[in-house]
Amino acid sequence: MRYGYLSKADLPKFVDGLIKKQRVVAPIKKENQFVFAQVENASQVSLDYIPTILPPKKFFLPQHETLGSFNMGETKMSSTQVDVEPLILFGLHTCDIEGIECLDVALNDSPPDPYFVKRKKSVIIIGYECMKPCDEYATCIAMDTHKPKAGYDIMLTDAGDKYIVHVNSIAGDNLIGRSSLFEKAAPDLEGKIKAELKALQDAKLKSFNNKLDAEYKELRRVFKDSYSSKFWHENVGKRCLSCGNCTAVCPTCYCFDINDTVSLDVTKGTRDRVWDSCQLEEFAEVAGGESFREERSARQRHRYHRKFDYSVKKFNKFFCVGCGRCTRTCMAKISLIDTVNELTKEHRDAKK
Ligand code: SF4
Ligand code: SF4
């Protein structure tokens, strides 16, 4: 099956069936926010959610993982078996799926990260296409991540009392292939479903405001030209607390540090990796104590350029998927939308 329908009334049965097969992680409500967590039954799943506190990157690149162990005096480290349990990530928004696509590109860049690669292969992604904007912080329309494009096995799109189902991989097909819950479209009816999907997606655009003033194609130029802008120092640099929250919650940030932990008797140890943040002062420090980005303004500028400029040069992709998490989480109320719009204004003014 490539396209079909699933009645909304049958969704809980579908999810409970998945849970019987393997570990399922889905968005669940936690106080007044949402998190991705393992679910034991379908009633725990909240499909009507705004982006979770942490993005799904934690299932591909854990906050802490042991890469290997060593014995003192030996020059070779043991290779660690990556402990991977097959996982279904259920209900991912299209922006978060695009975030995983960004990680996929970066962490498969030569040499590929074997830990990420192995985890990625063991995950099945079932997406859920939002039909209304999350909140005032999301910029998925501007970043063109509001529609499913790639990176999922199955996509569910809300179509009234049913979901339109798009199966995008063999793993997705195997998962629902024989299920009687789905109304499968014969190949000659696929065109009708695609037209129905397009009509829904065209209609949803009317409820999504584009909050970024720059055109998609203009964005990189805005950032290339902004390198010497006073805005970095006078605005974001003065306000930033250097806490690193914005990078921790970003679905496309993948920087990490490596720590060696040695046993008390100094005979053996483990090599671990932990998330790191370019917003922390020591991040760009080198031997001798010199730091390449001592100022907070330089670190913020770096963060934004990693999203809108350097990533385009290296991977031909923006590494901002418009989820809005960095703005939502920032204690200093530094807004990605305000930053981009202010720099866009400066860029346009300079051209007058
Ligand atoms: S979350 Fe806000 S205050 Fe913290 S490092 Fe990021 S921009 Fe600065
Ligand atoms: S930069 Fe902010 S809005 Fe863009 S993907 Fe990262 S957390 Fe989301």
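Residues numbered from 1 in each chain as written. Chains lettered and ligands numbered in written order. Predicted model: local features only at pLDDT ≥ 70, side-chain atom pairs only at ≥ 80, totals over all residues. Heavy atoms only, no water.

1. Details of the site of ligand 2
- Surrounding ligand 2, one finds Cys250, Pro251, Lys307, Cys320, Val321, Gly322, Cys323, Gly324, Arg325, Cys326 and Leu336.
- Looking at the shell around ligand 2 residue by residue, the class counts come to 7 nonpolar, 2 polar and 2 charged. (Near = heavy atom within 4 Å. Nonpolar A, V, L, I, M, F, W, Y, C, P; charged D, E, K, R; others polar.)

2. Side note on the sheet that holds strand β11 (residues 268-275)
- An order of β4-β11-β10 is seen for the 3 strands of this open sheet, with the pairing classed as antiparallel. Of all the strands in the sheet, the pair left with one neighbour each is β4 (64-71) and β10 (256-262). In this sheet, adjacent strand axes meet at a mean angle of 20° when their direction is disregarded.
- Across 7 bridges, β10 lies against β11 in antiparallel orientation. By the bridge assignment for β11, Phe256 is matched with Trp275. (Pairing = 2+ DSSP bridges. Helix = DSSP H or I, 4+ residues; strand = E, 2+ residues; numbered from the N terminus. Axes fitted to C-alpha atoms, helices over the stretch in contact; angles between N-to-C directions.)

3. Some words on the packing of aromatic side chains
- Scanning the entire structure with this criterion turns up 13 aromatic pairs.
- Between the aromatic rings of Phe223 and Tyr304, the centroid separation amounts to 6.2 Å while the plane-to-plane angle is 10°, which identifies the pairing as stacked. One end of the pair, Phe223, is in helix α6 (residues 219-225); the other, Tyr304, is in helix α9 (residues 296-308), and 81 residues separate them in sequence. Pair check on accessibility: Phe223 and Tyr304 agree, each one buried. (Phe/Tyr/Trp six-rings, centres within 6.5 Å; stacked < 30°, edge-to-face > 60°. Buried < 20%, exposed > 50% of the residue type's maximum accessible area, 1.4 Å probe, protein only.)

4. So, the site of ligand 1
- Taken together, Cys240, Leu241, Ser242, Cys243, Gly244, Asn245, Cys246, Gln279, Gln300, Cys330, Ala332 and Ile334 make up the full set of residues adjacent to ligand 1.
- Each residue belonging to the shell around ligand 1 can be placed in one class, and the counts come to 7 nonpolar, 5 polar and no charged.

5. Section: the nonpolar core
- By size, the foremost hydrophobic cluster in this structure holds 30 residues, and its most contacted members are Phe59, Phe60, Leu89, Leu92, Ile125 and Tyr254.
- Going through the elements one at a time, β3 (33-38), β5 (87-92), α2 (94-107) and β6 (123-129) are the ones with two or more residues in this core.
- For this core, the element with the most residues is α2, which contributes 7 residues.
- Counting contributing residues, this core receives three or more from each of domain 1 (3-207) and domain 2 (216-351).
- Setting aside its immediate chain neighbours within four residues, Phe60 contacts Leu89, Ile100, Phe116, Arg119, Lys120, Val123 and Ile125.
- With 28 residues, the next largest nonpolar core counts Val15, Ile88, Val167 and Ile176 among its residues. (Core = buried A, V, L, I, M, F, W, Y, C linked by side-chain atoms within 4.5 Å. Domains from an automatic or database assignment. Contact = heavy atoms within 4.5 Å.)

6. Examining the domain arrangement of the protein chain
- When its domains are assigned, the protein chain resolves into domain 1 (3-207) and domain 2 (216-351).
- Centre-to-centre separation of domain 1 and domain 2, based on C-alpha positions: 26 Å.
- Carbon and sulfur atoms supply 64% of the area buried between domain 1 and domain 2, which totals about 3,500 Å² over both sides.
- Taken together, the connections running from domain 1 to domain 2 amount to 6 salt bridges.
- In this structure, Asp96 and Arg325 form a salt bridge, with 2.8 Å as the shortest nitrogen-oxygen distance.
- There are 22 residue pairs in polar contact (both at pLDDT 80 or more) connecting domain 1 and domain 2.
- Elements supplying a minimum of two residues to the side of domain 1 that touches domain 2: β4, α2 and α3 (114-121). (Buried area = accessible area lost by both parts, 1.4 Å probe. Salt bridge = Lys/Arg side-chain N within 4 Å of Asp/Glu carboxyl O. Polar contact = N/O pair within 3.5 Å; in protein donor to acceptor, adjacent residues only side chain to side chain.)

7. Some details on empty space enclosed by the protein
- Evaluation of the coordinates by the stated rule reveals 5 cavities of 30 Å³ or more.
- In terms of lining, the largest cavity is formed by 16 residues, of which the most central are Cys250, Cys320, Cys323, Cys326 and Leu336.
- Of all elements in the fold, only α9 and α11 (325-329) reach the threshold of two or more residues within the lining of the largest cavity.
- Among the residues making up the lining of the largest cavity, the classes are represented as 9 nonpolar, 5 polar and 2 charged. (1 Å grid on protein atoms, 1.4 Å probe; cavity = no way out; pocket = protein on both sides within 12 Å on 5 of 7 lines; lining within 4 Å. Points joined across faces, edges and corners; volume = space filled by probe spheres on them.)

8. Section: the state of the cysteines
- Per the stated rule, a full pass over the model turns up 0 disulfides.
- Free cysteine: Cys95, not disulfide-bonded; nearest cysteine sulfur from Cys323 at 5.8 Å. (Disulfide = S-S within 2.5 Å.)

9. A few points about a negative patch on the surface
- Together, Asp257, Glu281, Glu282, Glu285, Glu290, Glu294 and Glu295 give the surface a local cluster of negative charge.
- With respect to the helices, strands and loops of the structure, Glu285 is situated in the loop between β11 and α9. (Patch = residues over 30% accessible without salt bridge, like charges linked within 9 Å, V, L, I, M, F, W, Y side chains within 5 Å. Areas by Shrake-Rupley, 256 points an atom, 1.4 Å probe, with all protein chains shown as cover. Lys, Arg positive; Asp, Glu negative; His and termini not counted. Charge placed at Lys NZ, Arg CZ, Asp CG, Glu CD.)

10. Notes on α3
- Taken together, the buried positions of α3 are occupied by Tyr115, Phe116 and Arg119. End-on, the buried residues of α3 take up no more than an arc of 95°, which puts them together on one face. Of the exposed residues in α3, those oriented more than 90 degrees away from the buried face are Pro114 and Lys121.
- One side-chain oxygen at the N-terminal end of α3 lies 3.0 Å from the backbone nitrogen of Tyr115; it belongs to Asp113. (Arc of directions from axis to C-beta.)

11. With respect to the sheet that holds β6
- The 8 strands are arranged β3-β2-β5-β6-β7-β8-β1-β9 in an open sheet whose pairing can be described as mixed. Since the sheet does not close on itself, it has two edges, and those belong to β3 and β9 (182-184), each with one partner. In this sheet, neighbouring strand axes are inclined to one another by 25° on average, regardless of whether the strands run parallel or antiparallel.
- Sheet topology places strand β2 (residues 23-30) next to β3; 6 bridges connect them, and they run antiparallel. In the sheet register, Lys30 faces β3, and the bridge partner there is Gln33.

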